[in-house]
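Structure at a glance
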Amino acid sequence: MTNCFHLAIPAGDLNLAQKFYCDVLGCKSGNSEEGHWVDIDFWGNELTLHQSEERLPKIRHEVDMGSVLVPHFGIHLPDGAFQALKERIETAGIAYLDKPYRRFIDSKYEQETFFIEDPNGNILEMKTMVNPNILFKVD
């Protein structure tokens, strides 16, 4: 594995967080230190969940589609995987913070996105792009 992104976050109850990321989102767990932290394979990236009492602060920032919660992290998925993830989230009864919606409709940047939170209140933005190959291209 090369160029893997690593993010460590406060997870609150580690067992509850691990179940959310693995059972609901479909990720796999990896290396861990019992009761302290666990690595999650977050679609090829290393997300380390730390047992904690703390929560990250959240505020809303205005962007083109309204206001979004910051900080947040997430993943870009192919449409089929994105739709399957939405189904797993809805089946699990997870409430959307911001329901799925489309941005940049009829442009090359068109995408569908939604926001959820994990059991410790960490914010995740999940998205799928119609043309993912243009993500870092600048006109």
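Just so it is clear, the structure is predicted and the values come from calculations on it, not from any experiment.

About the cut-offs
Residues numbered from 1 in each chain as written. Predicted model: local features only at pLDDT ≥ 70, side-chain atom pairs only at ≥ 80, totals over all residues. Heavy atoms only, no water. Pairing = 2+ DSSP bridges. Helix = DSSP H or I, 4+ residues; strand = E, 2+ residues; numbered from the N terminus. Axes fitted to C-alpha atoms, helices over the stretch in contact; angles between N-to-C directions. Contact = heavy atoms within 4.5 Å. Phe/Tyr/Trp six-rings, centres within 6.5 Å; stacked < 30°, edge-to-face > 60°. Salt bridge = Lys/Arg side-chain N within 4 Å of Asp/Glu carboxyl O. Buried < 20%, exposed > 50% of the residue type's maximum accessible area, 1.4 Å probe, protein only. Polar contact = N/O pair within 3.5 Å; in protein donor to acceptor, adjacent residues only side chain to side chain.

**Description of the sheet that holds strand 8 (residues 98-103)**
Two strands in a sheet stick together by hydrogen bonds in their backbones, pointing the same way (parallel) or opposite ways (antiparallel). The strand order across the open sheet formed by four strands is 7-10-9-8, and the pairing between neighbours is mixed. The open sheet has two free edges, formed respectively by strand 7 (72-76) and strand 8, since each of these has just one partner strand. Taking the axes of each pair of neighbouring strands and ignoring which way they run, one obtains an average angle of 20 degrees across the sheet. Sitting on the sheet, helix 2 (residues 79-91) touches strand 8, strand 9 (111-117) and strand 10 (123-129), and the angle it makes with strand 9 is about 35 degrees.

**Remarks on the packing of aromatic side chains**
A full pass over the atoms with the stated rule returns six aromatic pairs. Here the aromatic rings of F82 and F114 are separated by 5.3 Å at their centres, their planes lie at 45 degrees, and the arrangement is tilted. Placement of F82 in helix 2 and of F114 in strand 9 is noted, with a sequence separation of 32 residues between them.

**A few points about the pattern of salt bridges**
Taken as a whole, this structure holds six salt bridges when the rule is applied. Of the charged contacts in the structure, one is a salt bridge between K58 and E117, with a shortest N-O distance of 3.0 Å. Highlighted residues: K58 in the loop between strand 4 (45-51) and strand 5 (59-63) and E117 in strand 9, separated in sequence by 59 residues. For K58, a relative accessible area of 35% gives the class partly exposed. The closest approach of N and O atoms between K127 and E125, which form a salt bridge, is 3.7 Å. Since its relative accessible area comes to 13%, K127 is described here as buried. Residue classification places E125 among the buried residues on the basis of a relative accessible area of 9%. Linked through salt bridges whose partners overlap, the residues forming this network are K86, R102, E110 and E112.

**Observations concerning helix 1 (residues 14-24)**
Residues spaced three or four apart along an α-helix face the same direction, because each turn holds 3.6 residues. Within helix 1, the full set of buried residues consists of L14, A17, F20, Y21, C22 and V24. Measuring from the backbone nitrogen of N15 back to the side-chain oxygen at the start of helix 1 gives 3.0 Å, which picks out D13 as the cap. A positive phi of about 90 degrees marks G26, the residue just after helix 1.

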